[in-house]
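Structural features, examined
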Amino acid sequence: KAGVTQTPRYLIKTRGQQVTLSCSPISGHRSVSWYQQTPGQGLQFLFEYFSETQRNKGNFPGRFSGRQFSNSRSEMNVSTLELGDSALYLCASSLAIADEQFFGPGTRLTVL
Amino acid sequence: DAKTTQPPSMDCAEGRAANLPCNHSTISGNEYVYWYRQIHSQGPQYIIHGLKNNETNEMASLIITEDRKSSTLILPHATLRDTAVYYCIHRGILGNEKLTFGTGTRLTIIP
């Protein structure tokens with residue numbers, strides 16, 4: 001079975017721009033979660049989707065949003081990028097919300 | 001805030017058992033203990049989880065104390081590839097709370 005895939009793997013943007021990251025979960029997995037990882041804050045939960053509905057949300061500003069499609073693929077969007085948004089963005093999928101999560105390789109976003 | 005406490009770093013000799021402790025004194029009766037690890041520049045990798053009984057799989061063993069306030073992850077024969085940051089997390093079985101990662105333990109396997 002193919003693992004979680006994330007595209008793109010690397011991205012460079014400038015302040016004020018917006019960005020969309022994509023995540024394809026493991027086949028059959030219906031829950032997708034997103035995390036931000038930075039050296040200073042560690043791994044922080046962004047949001048979790050199940051069956052196209054956001055089930056949990058972390059403490060991030062409204063510039064961070066996401067969605068899930070009927071095939072369980074998910075996207076997250078960050079608008080009006082700030083320098084502090086530079087991070088590794090990780091996506092994880094699981095069969096259901098409470099099950100173990102399998103992480104993708106991440107998208108490394110650099111904001112200049 | 002993270003709900004678990006782990007030592008920031010540990011060393012272990014290659015071939016020996018690595019024992020990684022975790023305190024989760026606020027764990028409730030319906031919360032699982034999960035362990036993940038993250039090798040540099042990769043996404044975290046699921047290792048094992050348990051509720052109250054000890055668990056073993058092909059990667060590791062999980063020992064949970066009777067009062068469930070602490071647990072130990074055991075890598076029976078550590079190899080250099082086990083060098084990583086190990087995270088201990090607890091989460092309700094209903095999954096209606098966000099997953100919170102702490103700072104983890106940086107395990108270094110020494111040749």
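Quick look at the structure, then.

Some words on the packing of aromatic side chains
Residues and elements named next belong to chain B.
- If you walk through the whole model with that rule in mind, you get 14 aromatic pairs over all chains.
- Judged by centre distance (6.3 Å) and plane angle (20 degrees), the ring pair of Tyr34 and Tyr36 falls under stacked. Here Tyr34 matches Tyr36 in class, with each residue buried.
- An angle of 85 degrees between the planes, with centres 5.3 Å apart, marks the rings of Tyr87 and Phe101 as edge-to-face. Separated by 14 residues along the polypeptide, Tyr87 in strand β8 (residues 84-92) and Phe101 in the loop between β8 and β9 (105-110) bring together distant segments of the chain. Assigned by exposure class, Tyr87 and Phe101 land together as buried.

Concerning the interface of chain A and chain B
- Contacts between the two partners involve 18 residues from chain A, matched on the other side by 18 residues from chain B.
- Around 1,500 Å² of area is buried between chain A and chain B when both sides are counted, 52% of it from carbon and sulfur atoms.
- Put simply, chain A and chain B have one salt bridge between them.
- Secondary-structure elements contributing two or more residues to the side of chain A that touches chain B are β4 (31-38), β5 (42-50) and β6 (53-57) of chain A.
- Here the residues of the side of chain A that touches chain B are counted per class, giving eight nonpolar, six polar and four charged.

Section: the state of the cysteines
- Under the defined criterion, the tally for this structure stands at two disulfides over all chains.
- Between Cys23 of chain A and Cys91 of chain A runs a disulfide, and the two sulfur atoms are separated by 1.7 Å. When the S-S torsion is -55 degrees, as for the bridge of Cys23 of chain A with Cys91 of chain A, the disulfide is left-handed. Placement of the pair is Cys23 of chain A in strand β3 (residues 19-24) and Cys91 of chain A in strand β9 (residues 87-94), with a sequence separation of 68 residues.
- The buried category is assigned to Cys23 of chain A, whose relative accessible area is 0%.
- Relative accessible area serves as the criterion here: at 0%, Cys91 of chain A is assigned to the buried category.
- Between the sulfur atoms of Cys22 of chain B and its disulfide partner Cys88 of chain B the distance amounts to 2.1 Å. Across the S-S bond of Cys22 of chain B and Cys88 of chain B the torsion is about -80 degrees, and the bridge reads as left-handed. Of the two residues, Cys22 of chain B is situated in strand β2 (residues 18-23) and Cys88 of chain B in strand β8; the sequence distance between them amounts to 66 residues.
- Counting only cysteine sulfurs, Cys22 of chain B is the nearest neighbor of Cys12 of chain B, a cysteine outside any disulfide, at a range of 18 Å.
- Residue classification places Cys12 of chain B among the buried residues on the basis of a relative accessible area of 8%.

The rules behind the values
- Residues numbered from 1 in each chain as written.
- Chains lettered and ligands numbered in written order.
- Predicted model: local features only at pLDDT ≥ 70, side-chain atom pairs only at ≥ 80, totals over all residues.
- Heavy atoms only, no water.
- Phe/Tyr/Trp six-rings, centres within 6.5 Å; stacked < 30°, edge-to-face > 60°.
- Buried < 20%, exposed > 50% of the residue type's maximum accessible area, 1.4 Å probe, protein only.
- Helix = DSSP H or I, 4+ residues; strand = E, 2+ residues; numbered from the N terminus.
- Contact = heavy atoms within 4.5 Å.
- Buried area = accessible area lost by both parts, 1.4 Å probe.
- Salt bridge = Lys/Arg side-chain N within 4 Å of Asp/Glu carboxyl O.
- Nonpolar A, V, L, I, M, F, W, Y, C, P; charged D, E, K, R; others polar.
- Disulfide = S-S within 2.5 Å.

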